[in-house]
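# Tertiary structure, described
Each chain is listed here by its residues.
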Amino acid sequence: MLTKDEYVAQIKVQLDEWSTEIDKLQERGHEIKEDAKVKYEEQLVALRTKREEGEKKLEEIQAAAENNWEQFKMESDRVWEAFKDSFETFKSHFK
């Protein structure tokens, strides 16, 4: 089982990776046809919003006391899974 600090570090790495991927996807948005561009940009905004939710959960975990951070971890895990699913769906639609 991960400690709080290990979990926070792991999530920070994942956030950085996703941020980089979102930036790459945004750059690819310039190559998309006009009719698909609106949908692409809407989904990109939704991804950024979900990532921000994850960042807020990470802040909650960092601020949590050692004895109750596990509760925040469970909530955070649900947010991460939702983000991961959205991210993978987005990538698969625009490959």
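What you are looking at is a predicted structure, and each value in this text was computed from that prediction instead of being measured.

Take the environment of Gln-71 next. Residue position: Gln-71 is located in helix 3 (residues 69-93). Note on Gln-71: relative accessible area 46%, which makes it partly exposed. Distance in space between the C-alpha atoms of Gln-71 and Ile-61 is 8.8 Å, their sequence separation being ten residues.

Once that is clear, we can look at the confidence of the model for the protein chain. In this model, the protein chain carries an average pLDDT of 81, and 97% of its residues clear a pLDDT of 70 or more. Mean pLDDT across the elements of the protein chain ranges from a minimum in helix 3, with 79, to a maximum in helix 1 (residues 4-28), with 85.

Here is what the cut-offs are and how they apply
- Residues numbered from 1 in each chain as written.
- Predicted model: local features only at pLDDT ≥ 70, side-chain atom pairs only at ≥ 80, totals over all residues.
- Heavy atoms only, no water.
- Helix = DSSP H or I, 4+ residues; strand = E, 2+ residues; numbered from the N terminus.
- Buried < 20%, exposed > 50% of the residue type's maximum accessible area, 1.4 Å probe, protein only.
- pLDDT = per-residue confidence, 0-100.

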